Amino acid sequence: MTKFHAAFEKLPADLDRNRLPKHVAVIMDGNGRWAKSRGMPRFIGHQKGVDALKNLLRCCKDWGIPALTAYAFSTENWGRPTEEVEFLMTLFERVLRLELQEMMKENVKLRFVGNLVSLPKSLQEEIYKSMEATANNQGIEFTVATNYGGREEIIQATRAIAQLVREGDISPDDIDENLFENHLYTAGLSSPDLLIRSSGEMRLSNFLLWQIAYAEIYVTPVMWPDFDRLQFYKALLAYQQRDRRFGKL
Ligand code: IPE
Ligand code: IPE
Ligand code: MG
């Protein structure tokens, strides 16, 4: 750990331990621009982005934030050049293989959300292996959205529920928010309290459309590979200054 990071090893004193978000979601954007601005190919940015995510996961653990969800690949990202898509798929697979032991040691409960069956077979194998291995871990809940699209998630939930109605298991009147949530990829996971997007873009890009209904949104111009503990501290500070009213007074 660098000297700089040592200063942020523990939760900074001006953050209120009792008012931390229980679930943080991140749209990890800006890897390509980070690389480009340094005259490097985009894939270097993606590699650096993995390091930033690993550091954030560790930071959440050190500071007592129990759940982290990261957007790694959207259903729209298939539209990128084949080389980039293939690079990302291989990167995910390699990182999973390399990090599983560490995640077991750190007691991380890993989960993938998204349309997983459309991912390359070898990646799927690593995904299911790591989810199974970490299923009973009691530490931080770490969710990775891969081939994830909020609209697609809502449609597949609707289909599953329609099927239950057709089979006579439930009636249309039984469909409420609770039942619907239980058919989303994120079933059983609390909704994010704080959504962070890096690289300055003020949009959701199809991320967790249902779940972020009442999340506090924090956008930073920092490119994802540069998102470190100092940046996370700033996001949490901003979060703690918000007045979460949930529609009430
Ligand atoms: C985010 O960085 C990572 C993925 C979407 C996979 P980008 O690759 O979108 O980087 P920019 O936005 O082009 O800089
Ligand atoms: C959102 O970033 C998806 C991920 C971070 C995985 P994009 O770079 O794909 O989003 P847009 O294209 O700027 O909306
Ligand atoms: Mg982007």
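Residues numbered from 1 in each chain as written. Chains lettered and ligands numbered in written order. Predicted model: local features only at pLDDT ≥ 70, side-chain atom pairs only at ≥ 80, totals over all residues. Heavy atoms only, no water.

Asker: Please provide a residue-by-residue account of the overall build of the chain, values included.
Answerer: Secondary structure assignment for the chain yields eight helices and six strands. Counting from the amino terminus, the chain carries its helices and strands in the arrangement α-β-α-α-β-α-β-α-β-α-α-β-β-α. Each of the three principal axes of the chain carries a C-alpha extent, and together these read 60 × 50 × 35 Å. Looking at the chain as a whole, 48% of its 249 residues qualify as buried. In the chain, 76% of the contacts between residues at least 6 apart in sequence involve partners at least 24 apart. Entry remark: accessible area of the chain is about 13,300 Å², with carbon and sulfur atoms responsible for 52%. Taken as two groups, the 32 positive and 33 negative side-chain charges of the chain have centres that lie 6 Å from each other. (Helix = DSSP H or I, 4+ residues; strand = E, 2+ residues; numbered from the N terminus. Buried < 20%, exposed > 50% of the residue type's maximum accessible area, 1.4 Å probe, protein only. Contact = heavy atoms within 4.5 Å. Areas by Shrake-Rupley, 256 points an atom, 1.4 Å probe, with all protein chains shown as cover. Lys, Arg positive; Asp, Glu negative; His and termini not counted. Charge placed at Lys NZ, Arg CZ, Asp CG, Glu CD.)

Asker: Could you give me a rundown of the site of ligand 2, with the residues and numbers involved?
Answerer: Looking at ligand 2, the residues that line it are Ile27, Met28, Asp29, Tyr71, Ala72, Phe73, Asn77, Arg80, Arg197, Arg203 and Ser205. Within the side chain of Asp29, a nitrogen or oxygen atom sits 3.2 Å from an oxygen atom of ligand 2. Starting from 390 Å² of accessible surface for ligand 2 in isolation, the protein chains cover 79%. Tallying contributions element by element places strand β2 (residues 67–74) first for the shell around ligand 2, with three residues. Residue classes in the shell around ligand 2 are distributed as five nonpolar, two polar and four charged. (Near = heavy atom within 4 Å. Polar contact = N/O pair within 3.5 Å; in protein donor to acceptor, adjacent residues only side chain to side chain. Nonpolar A, V, L, I, M, F, W, Y, C, P; charged D, E, K, R; others polar.)

Asker: Give a detailed account of the sheet that holds strand β6 (residues 216–219), specifying residues and quantitative values.
Answerer: Spatial strand order, β3-β4-β2-β1-β5-β6: six strands in an open sheet with parallel pairing. The open sheet has two edge strands with one neighbour each: β3 (109–113) and β6. On average, each strand axis in the sheet is inclined to that of its neighbour by 20°, with strand direction left out of account. By the bridge criterion, five bridges tie β3 to strand β4 (residues 141–148) in an arrangement that is parallel. Counterpart to Val113 in the pairing with β4 is Ala145. Each of β1 (23–27), β2 and β4 touches helix α3 (residues 42–63); the most contacted strand, β2, lies at about 165° to it. Contacts from helix α8 (residues 229–241) reach β1, β5 (194–197) and β6, with the element oriented near 135° to β5. (Pairing = 2+ DSSP bridges. Axes fitted to C-alpha atoms, helices over the stretch in contact; angles between N-to-C directions.)

Asker: Lay out the site of ligand 1 in plain terms, naming residues and giving numbers.
Answerer: In the vicinity of ligand 1 there are 13 residues, among which Met28, Asp29, Arg33, Arg42 and Arg80 approach most closely. At a separation of 2.9 Å, an oxygen atom of ligand 1 approaches a polar backbone atom of Gly32. At 2.7 Å from an oxygen atom of ligand 1 is found a main-chain nitrogen or oxygen belonging to Arg33. Across the complex, the protein chains shield 87% of the 370 Å² of accessible surface that ligand 1 would expose by itself. Breaking the shell around ligand 1 down by element, the ones donating at least two residues are α2 (31–36), α3 and α4 (82–105). The dominant element in the shell around ligand 1, judged by the number of residues it contributes, is α2, at three residues. Classifying every residue of the shell around ligand 1 gives three nonpolar, five polar and five charged.

Asker: I'd like a rundown of the pairing of β5, residues and numbers included.
Answerer: Neither face of β5 is left uncovered, since the one carrying Leu194 and Ile196 and the one carrying Leu195 and Arg197 both have all their residues buried. In terms of strand pairing, β1 meets β5 through four bridges, oriented parallel. Paired with Val26 across the bridge in β5 is Ile196. Pairing geometry for β5 and β6, over four bridges, is parallel. Residue pairing across strands places Leu195 opposite Ile217, the latter belonging to β6.

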